Amino acid sequence: MRLDYLTIFPDFFGPLELSLPGKAAASGLLDVHVHDLRTWTHDRHRTVDDTPYGGGAGMVMKPEPFGEAFEALGIGAGDTIVFTTPSGERFDQRLAEELATRERIVFACGRYEGIDQRVIDHAREVAEVRELSLGDYVLNGGEVAALAVTEAVVRLLPGFMGNAESLVEESHGASGLLEYPVYTKPRTWQGREVPDVLLSGDHGRIAAWREDQARRRTARRRPDLLHPSVLDDGTPIVRAVPGDAGELLTLQRACWVQEALDNDTLDIPALHESLDDVVAWMQEWDTWVVRRAGRLVGAVRGKMEGDAWDIGRIMVAPDLQGSGLGRALLDHIQAVAPEQATSYLLFTGEGSARNRRMYRKAGFRLRADLPAPPHAVVLTKPRR
Ligand code: SAM
């Protein structure tokens with residue numbers, strides 16, 4: 001993975017030469033480039049900021065140095081530019097997993113009151129853009145945030161951790177639970193004992209104790225994590241019941257009419273299904289739905305296909321398309337995949353540019369080597 005940092009404080013990135021990132025760079029797993037943004041200024045003072053249009057406190061980072069830097073570094077399609085900003089999407093483990101699939105990430109670090117908006121708008125035209133926030137607080141600059149994102153992402157790269165097992169049971173992993181408490185030698189310290197069960201040698205009991213501790217800790221500290229099927233506005237994603245079949249059929253028709261128009265074909269089986277068909281597939285698939293004001297506005301389904309979790313029928317009411325609901329459904333159905341699933345699999349219309357963009361961003365990749373129905377393509381993603 002190639003990492004570029006655009007900053008007015010290159011020294012901030014010294015830690016990348018330490019510890020595991022340093023080793024990964026030395027071994028060629030990471031290709032790290034730190035750039036002084038002032039390289040792309042042309043005045044005597046190497047100015048990177050100016051006063052805000054419209055007035056107000058502070059200074060704003062000028063667009064020209066960033067624009068020239070993007071060009072000089074050959075940033076283009078296939079690259080991801082991360083703008084660290086407190087007004088961005090909250091960075092989390094799911095995003096770290098997604099970014100770990102990228103080949104090149106460019107971090108544009110803000111300072112002062114932030115970066116001229118036109119830089120971000122321009123960047124969207126040349127590459128994938130993510131605006132990421134570390135949390136609901138304000139730092140002085142984007143460098144610390146870029147380092148935090150880097151560390152969370154690169155430790156997920158295959159070959160980065162000496163012992164990949166250490167990733168398996170961590171907080172914010174597949175179980176959705178916080179990690180259980182951990183202990184090491186000595187057995188007694190300051191009058192405090194290690195829990196007996198950990199000394200028992202009984203692996204089954206130890207696993208059960210750890211799971212119980214993880215649940216208790218999560219319930220106490222982060223109850224929100226135990227109910228992940230809730231959208232940002234509090235709307236739950238719930239398992240479909242047989243009585244949803246009629247509305248599912250309506251939603252399905254609405255979505256596939258749109259698909260048919262986009263692809264200029266009526267040759268789409270989902271468009272012609274009957275109520276009986278929907279009732280039948282609901283018995284076979286783990287189906288989830290979202291209701292807003294009583295109306296069924298979103299749905300998704302999954303089922304095991306060999307070792308893969310087959311994801312299908314991500315449906316969003318036409319008036320809500322583009323609102324992020326499709327992505328939330330996609331994230332949800334991955335989160336509820338059975339433990340034995342080693343990968344995710346889905347089909348989408350070959351002409352559905354918007355869907356294909358969403359799946360790509362979520363880490364799915366086109367598999368031209370796998371068979372697909374007419375007018376469709378197959379995408380897969382390994383499960384981490
Ligand atoms: N005026 C900006 C606002 O209110 O949104 C805050 C600017 S902050 C002082 C300067 C820079 O620090 C930002 O451009 C951003 O790069 C970085 N920064 C501050 N807080 C951050 C956070 N929570 N997450 C990521 N980056 C942050």
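Remember, predicted model here, so these are calculated numbers, not experimental data. (Residues numbered from 1 in each chain as written. Predicted model: local features only at pLDDT ≥ 70, side-chain atom pairs only at ≥ 80, totals over all residues. Heavy atoms only, no water.)

### A closer look at the pattern of salt bridges
Per the counting criterion, the structure on display carries 26 salt bridges. Across the salt bridge formed by Glu128 and Arg102, the nearest N and O atoms sit 2.9 Å from each other. Of the two residues, Glu128 is situated in strand E7 (residues 128-133) and Arg102 in the loop between helix H3 (93-99) and strand E6 (104-109); the sequence distance between them amounts to 26 residues. Look at Glu128 and you get buried, because its relative accessible area is 15%. (Salt bridge = Lys/Arg side-chain N within 4 Å of Asp/Glu carboxyl O. Helix = DSSP H or I, 4+ residues; strand = E, 2+ residues; numbered from the N terminus. Buried < 20%, exposed > 50% of the residue type's maximum accessible area, 1.4 Å probe, protein only.)

### Here we look at the site of the ligand
The full set close to the ligand counts 19 residues, and Thr84, Glu113, Leu134, Tyr137 and Leu139 are the nearest of them. Within the backbone of Gly110, an N or O atom sits 3.2 Å from an oxygen atom of the ligand. Listing elements by their share of the shell around the ligand, those giving two or more residues are strand E5 (80-90) and E7. Per-element tally for the shell around the ligand: the top contributor is E5, with three residues. (Near = heavy atom within 4 Å. Polar contact = N/O pair within 3.5 Å; in protein donor to acceptor, adjacent residues only side chain to side chain.)

### Some remarks on the sheet that holds E5
In space, the five strands of this open sheet follow the order E2-E1-E6-E5-E7, with parallel pairing throughout. Only two strands of the sheet have a single partner each, and these edge strands are strand E2 (31-36) and E7. In this sheet, neighbouring strand axes are inclined to one another by 25° on average, regardless of whether the strands run parallel or antiparallel. As judged from the five bridges shared by E5 and E6, these two strands associate in the parallel manner. Bridge pairing in E6 places Val82 opposite Phe107. Of the strands in this sheet, E5 and E7 are in contact with helix H4 (residues 117-126), which crosses E7 at around 140°. (Pairing = 2+ DSSP bridges. Axes fitted to C-alpha atoms, helices over the stretch in contact; angles between N-to-C directions. Contact = heavy atoms within 4.5 Å.)

### Some remarks on the pairing of strand E16 (residues 376-382)
For E16, a buried count of six out of seven residues is recorded, marking the element as mostly surrounded by other parts of the structure. With seven bridges connecting them, strand E14 (residues 343-349) and E16 associate as antiparallel partners. Paired with Leu346 across the strands is Leu379, a residue of E16. Bridge count between strand E15 (residues 365-366) and E16: two bridges; the pairing is antiparallel. Each residue of the ladder has a partner; that of Arg365, found in E16, is Thr380.

### Regarding the domain arrangement of the protein
How big an interface is tends to be expressed through the accessible area that disappears when the partners come together. The domain architecture assigned to the protein consists of domain 1 (2-154), domain 2 (180-221) and domain 3 (227-382). A straight line from the C-alpha centre of domain 1 to that of domain 2 covers 41 Å. (Domains from an automatic or database assignment.)

### Some points on the packing of aromatic side chains
In this structure the tally under the stated criterion is six aromatic pairs. Each ring, one from Tyr5 and one from Phe13, has its centre 4.5 Å from the other, and the planes form 35°; the classification is tilted. The same class applies to Tyr5 and to Phe13, which are both buried. Aromatic pair Tyr344 and Phe364: ring centres 6.4 Å apart, planes at 50°, arrangement tilted. With Tyr344 in strand E14 and Phe364 in the loop between helix H10 (353-361) and E15, this pair connects stretches of sequence that are 20 residues apart. The same class applies to Tyr344 as to Phe364, namely buried. In this structure an aromatic cluster arises from ring pairing among Tyr5, Phe13 and Phe107. Geometry around Trp281 places Arg301 over its ring, the cationic atom sitting 4.5 Å from the centre. (Phe/Tyr/Trp six-rings, centres within 6.5 Å; stacked < 30°, edge-to-face > 60°. Lys NZ or Arg CZ within 6 Å of the ring centre and 35° of its normal.)

### Brief notes about the sheet that holds strand E12 (residues 295-305)
Read across the open sheet, the seven strands follow the order E10-E11-E12-E13-E14-E16-E15; overall the sheet is mixed. Strands with a single pairing partner mark the edges of an open sheet, and in this sheet they are strand E10 (237-239) and E15. For E10 and strand E11 (residues 286-292), the ladder comprises three bridges, and the chain directions are antiparallel. When the bridges of E11 are listed, Val238 appears paired with Val289. Of the strands in this sheet, E11, E12 and strand E13 (308-316) touch helix H8 (residues 275-284), which is tilted by about 115° from E11. The strands touched by H10 are E13, E14, E15 and E16; relative to E14, the strand with the most contacts, the crossing angle is about 165°.

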